[in-house]
Amino acid sequence: MNLFDVYPINDITIVKAKGSYVWDDKGEQYLDLYGGHAVVSIGHTHPHWVKRIEEQLEKIAFYSNSIRIPLQQQLAEKLGTISGKETYQLFLCNSGAEANENALKLASFYNGRKKIIAFSKAFHGRTSLAVSATDNKNYIAPVNETENVIFLPFNDEDALDACFKKKGKEISSVIIEGIQGVGGINVAEDSFLKKVRALCDEYGAVYIADSVQCGYGRSGKFFSHDFAGVNADIYTMAKGMGNGFPVAGIIVAPHIKPKHFQLGTTFGGNHLACAAALAVLEVIEDEKLMGNAVMIGKYLRDELQSIPELQNVRGRGLMIGFDVPDELKELKKNLLWKQKIFTGEAKPNVIRLLPSLALKKKDAEQFIEAVKEEISLLSDK
Ligand SMILES: Cc1ncc(COP(=O)(O)O)c(C=O)c1O
C-alpha cells in the first residue's frame, strides 16, 4: 500500500529532536524555526514533558469520558489560572479543526442561529463546518458548500458593521484568528476585535477566537486576542497545547451552559493527553516562556526589519512573518538546504517563523546571520 499523497514534502527524515534542534537519519543537525508548524511550544522532547507522559503511561493511558478523569479538572484549573479565564469551562478534543467545529456548533446550539461570519484568508481546519469557514475554495468539497458562511474582508470594521446591520439577528457566530497563520501572519487589529465584541454583544452572536495557531503563549500573551482587551465567548486551542501530543480544546464563557450530549468525544481529554497538556503549562509557567516569546520575538522582528531586502516584517511574540521579494524567492529553500534551518511559509511569498517559545537568543542570532548571508549570496547572482 502507498501513502495517500496529500502534501509536497521535503526529502528529509528526522529521527531525533531536542529543544529547538532536530537531526536527520544522516546525523545532520537542523535549527527548527518552524516548530513542526507551531506545535512544538516548549521545545522538542522536553524532559519534564517526556517524564510526565512516561509516568502516566505506566498508570493508565486511556479510559472513556464515562468516568471521572481528575487530570481533566487539573488541566482546566491550570489553564484557567495561566490564561486568566478562570470562569470559563473546558471541553477537550483532539485537533484544531475539531475544536473549531465544536465551537461553531456550540454557538449555534446556544443562540439557535445558522449564519457564521468568517474573514478573507482565514484558515480554520479541514472538517465540514471548519473548512466551510476557511477562505480557500480548493479545500471546500461540494458537500461542504454552504450558504451559512459569510466571508468579509479582514480588519474591515465598516464591512462588519454593514453585515450586522443587514443580517444581525441571523448571525450565530463570528470566528476569527487573532493572528492569521496560514493566511500569512496578518494581525487582527485591536480595534477590529473590539468591534467584533461590541457587535456580538449588540446582536446576540458568539465571538469565537480561533487560537489554534496564535494561542498558547505564542504571541507573548496567552491568547493573542487578549491584546485587544476584550474577552471572546469561546477560545479554540490545539497545536502548542500538547507540544506534539495530539490534544485540543475549547474554553467556553460561563453564560454558555452545557447540555448533556450536545458535544462529545471518544479520545478527547484522555489521561495521556491531559498529562502532556499539563506538562506543557507547567513548563510555560516555570520557564517563563511567554516572557521569552516577547523578548526573542522582538529581537527577531527588530533584526529582520533592519534588513532592507525584506518587506512587511510583522507579527507578535514568536509568530512572525515577512515578505520575500521575487528576486530572493530561493531564500527559504536555501535556508533549509544550505543553512540547515527549518522555517514555515505562506503562499505566495511569506516566510513564517513559528519556533518553540523556548528559542534561545543564540539560535535567533544564528538565524539572522544565515538570512543575511543567503540574501547577500542571492543578491550577487
Ligand atoms: C488557525 C488555525 N485553525 C485551525 C487549524 C486546524 O488545526 P488542525 O490541523 O489541528 O485540525 C489550523 C491548522 O493549521 C490553524 O492554523
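To be clear, the structure that these remarks concern was listed above.
All of these numbers come straight from a predicted model, not from anything done at the bench.

Definitions and limits used
Residues numbered from 1 in each chain as written. Predicted model: local features only at pLDDT ≥ 70, side-chain atom pairs only at ≥ 80, totals over all residues. Heavy atoms only, no water. Pairing = 2+ DSSP bridges. Helix = DSSP H or I, 4+ residues; strand = E, 2+ residues; numbered from the N terminus. Patch = residues over 30% accessible without salt bridge, like charges linked within 9 Å, V, L, I, M, F, W, Y side chains within 5 Å. Areas by Shrake-Rupley, 256 points an atom, 1.4 Å probe, with all protein chains shown as cover. Salt bridge = Lys/Arg side-chain N within 4 Å of Asp/Glu carboxyl O. Buried < 20%, exposed > 50% of the residue type's maximum accessible area, 1.4 Å probe, protein only. Core = buried A, V, L, I, M, F, W, Y, C linked by side-chain atoms within 4.5 Å. Contact = heavy atoms within 4.5 Å. Near = heavy atom within 4 Å. Polar contact = N/O pair within 3.5 Å; in protein donor to acceptor, adjacent residues only side chain to side chain. Expected span 1.5 Å × (residues − 1). Arc of directions from axis to C-beta. Axes fitted to C-alpha atoms, helices over the stretch in contact; angles between N-to-C directions. Parallel < 35°, antiparallel > 145°, perpendicular 65-115°, else oblique. Left-handed = near helix turned anticlockwise from the far one by under 90°.

> Provide a residue-level description of the sheet that holds strand β15 (residues 341-342), including the pertinent values.
Read from one edge of the open sheet, four strands run β1-β2-β3-β15, paired in mixed fashion. Single-partner strands in this sheet number two, and they are β1 (14-18) and β15. As paired elements, strand β2 (residues 21-24) and strand β3 (residues 29-32) share three bridges and run antiparallel to each other. From the neighbouring strand, W23 faces β3, where its bridge partner is Q29.

> If you had to explain a nonpolar patch on the surface to someone new, which residues and values would you point to?
Together, F4, V6, Y7 and I9 line one region of the surface with nonpolar side chains, adding up to about 580 Å² of accessible area. Relative accessible area serves as the criterion here: at 56%, Y7 is assigned to the exposed category.

> Provide a residue-level description of the nonpolar core, including the pertinent values.
Ranked by internal contacts, the top residues of the largest apolar core, which has 88 residues, are F164, L300, L304 and F367. It is helix α8 (residues 271-286) that contributes the most residues to this core, 11 residues altogether. Once residues lying within four places of it in the same chain are set aside, the contact partners of L304 are L310, V313, I320, F322, L353, F367 and I368.

> Go over the site of the ligand, please, and point to the residues and values.
Around the ligand, the surrounding shell holds 13 residues, and the nearest of these are G96, A97, D210, Q213 and K239. A distance of 2.8 Å is found between an oxygen atom of the ligand and a backbone nitrogen or oxygen belonging to G96. For the ligand, an oxygen atom lies 2.8 Å from a polar atom in the side chain of Q213. Within the complex, 82% of the 390 Å² of free accessible area of the ligand lies under protein. Looking at the shell around the ligand element by element, the count peaks at three residues for helix α4 (residues 96-111).

> Report on the pattern of salt bridges, specifying residues and quantitative values.
A full pass over the atoms with the stated rule returns 17 salt bridges. Between D233 and R197 there is a salt bridge whose closest N-O contact spans 3.1 Å. In this pair, D233 is assigned in the loop between β10 (206-210) and β11 (234-237) and R197 in helix α7 (residues 190-203), connecting sequence segments 36 residues apart. Each member of the pair, D233 as well as R197, is classed as buried. Put simply, D323 and R314 hold a salt bridge, and the shortest N to O gap is 3.0 Å. Each member of the pair, D323 together with R314, is buried. Through salt bridges with shared partners, one network takes in R197, D201 and D233.

> Can you tell me about helix α2 (residues 47-59), naming the residues and giving the values?
The end-to-end C-alpha distance of α2, which contains 13 residues, comes to 19 Å, matching closely the 18 Å that a straight helix rising 1.5 Å per residue would cover. All buried positions along α2 are accounted for by W49, I53 and Q56. Across the axial projection of α2, the buried residues extend over an arc of 65 degrees, all falling on one side. Turned more than 90 degrees off the buried face of α2, the exposed positions are P47 and E58.

> An account of the packing of α2 against α8 is requested, with residue identities and associated values reported.
Viewed as axis vectors pointing N to C, α2 and α8 meet at an angle of 155 degrees, and their least axial separation amounts to 9 Å. Classified by the angle their axes make, α2 and α8 are roughly antiparallel. In terms of crossing hand, the pair formed by α2 and α8 is right-handed. Residue-level inspection shows H48, W49, R52, I53, Q56 and L57 of α2 in contact with α8, the latter providing H271, L272, A275, A276, L278, A279, V280, E282 and V283.

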